[in-house]
Amino acid sequence: MIKRFIIVLALAAIAVGMYPLAWGIEDAENLSQIATEYVTDGADDLGAANLVTSVVVTYRGLDTLGEVTVLFAATAGVTMLLAARKPKKPGTIAKGKKDSGEDHSRRTGSELLKTGAALLFPIIWMFGIYIFVHGHLTPGGGFQGGVVITSATLLLFFADSDRKMGHTILQIAEAFSGAAYVAVGLLGLWFAAGFLDPRFLPAGEFGQVFSAGAIPVIYSLIGIKVGAELTGIVDTMRRSAS
Amino acid sequence: MSITILVVIGILMLGGGIAALYIKDTVSAIIAAGAVSLLASIIYLLVGAPDVAMTEAAIGSALTTVVFLFAWSRIKDASSKKEKKETDADQNSGQEVGE
């Protein structure tokens, strides 16, 4: 009774506290100073048609590097925690595990799911690559493209739950793209204005795939890295769940 | 017109959130939580943030849901294993030291 009363009280307090936030809402008439700068000069400056990408990859490039690092740390943590349990499997409790594994043997995918996955996998995969290669032209970029690629792989896992996945190629792709991302950043430091500055490559023609300096290169590397890391996470979780 | 759609989607999201809290079946609750994310991504698209909408649709509604489902299946496996172990604990008591 008292607990419920406190919950209602807390909800009312939150509502009263948030009231000015909801009541005073109105469309912003003008942008803040730094946003105005990005909007007016961004396209001329970097030659990227998608302004969001030029902010994410260049103006706030260091933040994106930080995000990628956080994702890497998360992947390493998940893999470490879930893989640490594995050595027990062939050990003392191997028999018990095997028994219960047979009890919970998962259904394999239906014919529909298998055919659909085989048909859709390359298309979704290609769409993911399209998203990050065209990150400077159309909405989306490395993160979104990487997750789309992961979801394509996930579809394969759903269709065939026994599918084995080689982690070596994932690790190579992930390590290569991470190192290359930093290397591209350093190239900007050497040949342009600063770290992660994409203008050491020619700006090219506005709106073309090969334009906006190194932005497509950076976003493609991020896409490969995110795709490899998330695929690794999903595969680790899938194997530990079985 | 546009504001009406936003309000309708907002109410649906609210319903989905409440459903996720109160549904007894965990898998259905996870799906309801994923649906809230999907509706949020539609809102982002309508208010002109396609980049955020893509992220929300891909991570919020797809990947998070799948991670929750994996976690749930693992919890279920672990708890049923524990029950099984308790029933035949006298046969192989050495197992409990193992875990």
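Procedures and definitions
Residues numbered from 1 in each chain as written. Chains lettered and ligands numbered in written order. Predicted model: local features only at pLDDT ≥ 70, side-chain atom pairs only at ≥ 80, totals over all residues. Heavy atoms only, no water. Core = buried A, V, L, I, M, F, W, Y, C linked by side-chain atoms within 4.5 Å. Buried < 20%, exposed > 50% of the residue type's maximum accessible area, 1.4 Å probe, protein only. Helix = DSSP H or I, 4+ residues; strand = E, 2+ residues; numbered from the N terminus. Contact = heavy atoms within 4.5 Å. Expected span 1.5 Å × (residues − 1). Salt bridge = Lys/Arg side-chain N within 4 Å of Asp/Glu carboxyl O. pLDDT = per-residue confidence, 0-100. Phe/Tyr/Trp six-rings, centres within 6.5 Å; stacked < 30°, edge-to-face > 60°.

A. Fine view of the nonpolar core. Ranked by internal contacts, the top residues of the largest apolar core, which has 32 residues, are Leu154(A), Tyr181(A), Ile218(A), Ile222(A), Val226(A), Leu230(A) and Phe70(B). Sorting the residues of this core by element identifies α4 (61–83), α7 (142–159), α8 (167–191) and α9 (215–241) of chain A together with α3 (50–87) of chain B as the ones contributing at least two each. Sort the elements by how many residues they give to this core and α9(A) lands first, with eleven residues. For Leu154(A), the residues in contact, after removing those within four places along its chain, are Val234(A), Leu63(B), Val66(B) and Phe70(B).

B. Highlighting α4(A). Taking 1.5 Å per residue, 23 residues should reach 33 Å; α4(A) reaches 33 Å between its end C-alpha atoms and fits that length. Of all the residues in α4(A), the buried ones are Gly61(A), Thr64(A), Leu65(A), Val68(A), Leu71(A), Thr75(A) and Leu82(A). Buried residues belonging to α4(A) abut α3 (51–59), α7, α8 and α9 of chain A together with α3 of chain B.

C. Structural view of the side chain of Thr65(B). Topologically, Thr65(B) is positioned in helix α3. In this structure, Thr65(B) is in contact with Ile30(B), Ile31(B), Gly34(B) and Gly60(B), ignoring residues within four places of it in sequence.

D. Highlighting the pattern of salt bridges. Residue and element names in this part refer to chain A. As enumerated under the stated definition, the model contains three salt bridges over all chains in all. Across the pair Lys225 and Glu174 runs a salt bridge, and its minimum N-O distance is 2.6 Å. One end of the pair, Lys225, is in helix α9; the other, Glu174, is in helix α8, with 51 residues separating them in the sequence. Take Lys225 and Glu174: they sit in the same class, and that class is buried. A salt bridge links Arg238 to Asp235; its shortest N-O distance comes to 2.7 Å. In this pair, Arg238 and Asp235 both sit in helix α9, three residues apart, roughly one turn of the helix. Taken together, the shared-partner salt bridges in this structure form one network comprising Glu174, Lys225 and Glu229.

E. Expanded view of the environment of Val55(A). Residues and elements named next belong to chain A. Among the secondary structure elements, Val55 is positioned in helix α3. In this structure, the C-alpha to C-alpha distance between Val55 and Leu170, residues 115 residues apart in sequence, is 29 Å. Contact partners of Val55, with chain neighbours within four places excluded, come to Tyr38, Arg60 and Gly61.

F. Local environment of the environment of Gly66(A). All names here are of chain A. Along the chain, the position of Gly66 falls in helix α4. Judged by relative accessible area, Gly66 falls into the partly exposed class, the value being 30%. For the pair Gly66 and Gly178, spaced 112 residues apart in sequence, the C-alpha separation works out to 12 Å.

G. Inspection of the confidence of the model for chain B at higher detail. All names here are of chain B. When pLDDT is averaged along chain B, the result is 83, and 87% of the positions lie at 70 or above. Confidence scores differ between elements of chain B, with helix α4 (residues 95–98) showing the lowest mean pLDDT of 47 and helix α2 (residues 26–46) the highest of 91. For the stretch residues 95–99, pLDDT sits under 50, and the model shows ten contacts to residues farther than four places along the chain or on other chains. Prediction confidence for the complex, expressed as pTM and ipTM, is 0.77 and 0.73 respectively.

H. Quick peek at the packing of aromatic side chains. Residue and element names in this part refer to chain A. Using the criterion set out here, one finds three aromatic pairs over all chains in the structure. Ring centres of Tyr38 and Tyr59 lie 4.4 Å apart, and the angle between their planes is 15 degrees; on these two criteria the pair is classed as stacked. One end of the pair, Tyr38, is in helix α2 (residues 33–46); the other, Tyr59, is in helix α3, and 21 residues separate them in sequence. Tyr38 sits in the buried class, given a relative accessible area of 14%. The partly exposed category is assigned to Tyr59, whose relative accessible area is 24%. Between Phe127 and Tyr130, the aromatic rings sit 6.4 Å apart at their centres with planes inclined by 15 degrees, giving stacked as the arrangement.

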